[in-house]
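Each chain, written out:
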Amino acid sequence: MEITGRVTEDAAVNVLNSGSEVVNFSIAINDSYKPKGSSEVKQLTTYINCAYWLNTNTAKVLRKGAVVQVSGRIGVNVYNNAQGEAKGSLTFHTNNLNVIAYAKSGEQHSEAQQAQSPERGQEEGNNNGEHDDLPF
């Protein structure tokens, strides 16, 4: 599955109890449509939480505002919140990502950059991520 969207916050590298590291980030997908029989255009934004396990250096290029194309699979997280209510969320487990446009702050890059797993390529960047309040 492939998804293209804009990064909503700087990516965060989280370390699990097992010592594994994951890059967490969220992307927004904007869409619009015109309901039948209406002249008004409706705007729709869908937010997708993403997890990238292959290389934490990827967080350096995943800054708020960057446009990325990600490929991978969707996973389901089910948990109980603080009030004991059952909740769920979807996480996009990213296998590969391509930066289509970099965030506007800092140095601009003219070409899209392929950020791949360490076995298949290398990554560039110049930012450190922030902690993310997402449940994954």
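All figures in this text were calculated on a predicted structure; none of them were measured in a lab. (Residues numbered from 1 in each chain as written. Predicted model: local features only at pLDDT ≥ 70, side-chain atom pairs only at ≥ 80, totals over all residues. Heavy atoms only, no water.)

1. Focus on the overall build of the chain
The test is simple: Each helix corresponds to a stretch of at least 4 residues labelled H or I by DSSP, and each strand to a stretch of at least 2 residues labelled E; elements are numbered beginning at the N terminus. The contact criterion used is simple: two residues touch if any of their non-hydrogen atoms lie within 4.5 Å. Accessible surface area values rest on a Shrake-Rupley calculation with a 1.4 Å probe, where residue burial reflects the displayed protein chains alone.
Broken down by element type, the chain carries zero helices and seven strands. A separation of at least 24 residues holds for 60% of the contacts in the chain among residues at least 6 apart in sequence. By element, 45% of the accessible surface of the chain is carried by carbon and sulfur atoms, the whole surface being about 8500 Å².

2. Observations regarding the nonpolar core
Defined as follows: Think of a nonpolar core as a cluster: buried Ala, Val, Leu, Ile, Met, Phe, Trp, Tyr and Cys residues, connected wherever their side-chain atoms sit within 4.5 Å. The buried label goes to any residue with under 20% of its type's maximum accessible area, the exposed label to any with over 50%, and the partly exposed label to all in between, with areas taken from a 1.4 Å probe on protein chains only.
Ranked by size, the top nonpolar core spans 19 residues in total, and within it Val23, Phe25, Ile27, Leu62, Val68, Val70 and Leu97 carry the most contacts. Mapped by element, the contributors of at least two residues to this core are β1 (2-7), β3 (21-33), β4 (42-52), β5 (67-80) and β6 (86-101).

3. A word on the environment of Val61
For Val61, the position within the fold is in the loop between β4 and β5. Overall, the relative accessible area of 5% leaves Val61 in the buried class. In the structure, Val61 is positioned 50 residues away from Ala11 in sequence and 8.3 Å away in space, judged by C-alpha atoms.

4. A word on the pattern of salt bridges
As a reminder of what qualifies: We define a salt bridge as a side-chain nitrogen of Lys or Arg found within 4 Å of a carboxyl oxygen belonging to Asp or Glu.
Under the counting rule described, the total for this entry stands at one salt bridge. Ionic pairing is found between Lys42 and Glu40, a salt bridge with its closest N-O pair at 3.9 Å. Owing to a relative accessible area of 34%, Lys42 belongs among the partly exposed residues under this scheme.

5. Notes on the confidence of the model for the chain
What counts, and what does not: On a range of 0 to 100, pLDDT expresses the predictor's confidence in each residue.
Overall, the prediction assigns the chain a mean pLDDT of 81, with 76% of residues at 70 or greater. Looking across the chain, the model is least confident in strand β7 (residues 113-115), with a mean pLDDT of 39, and most confident in strand β2 (residues 12-15), with 96.

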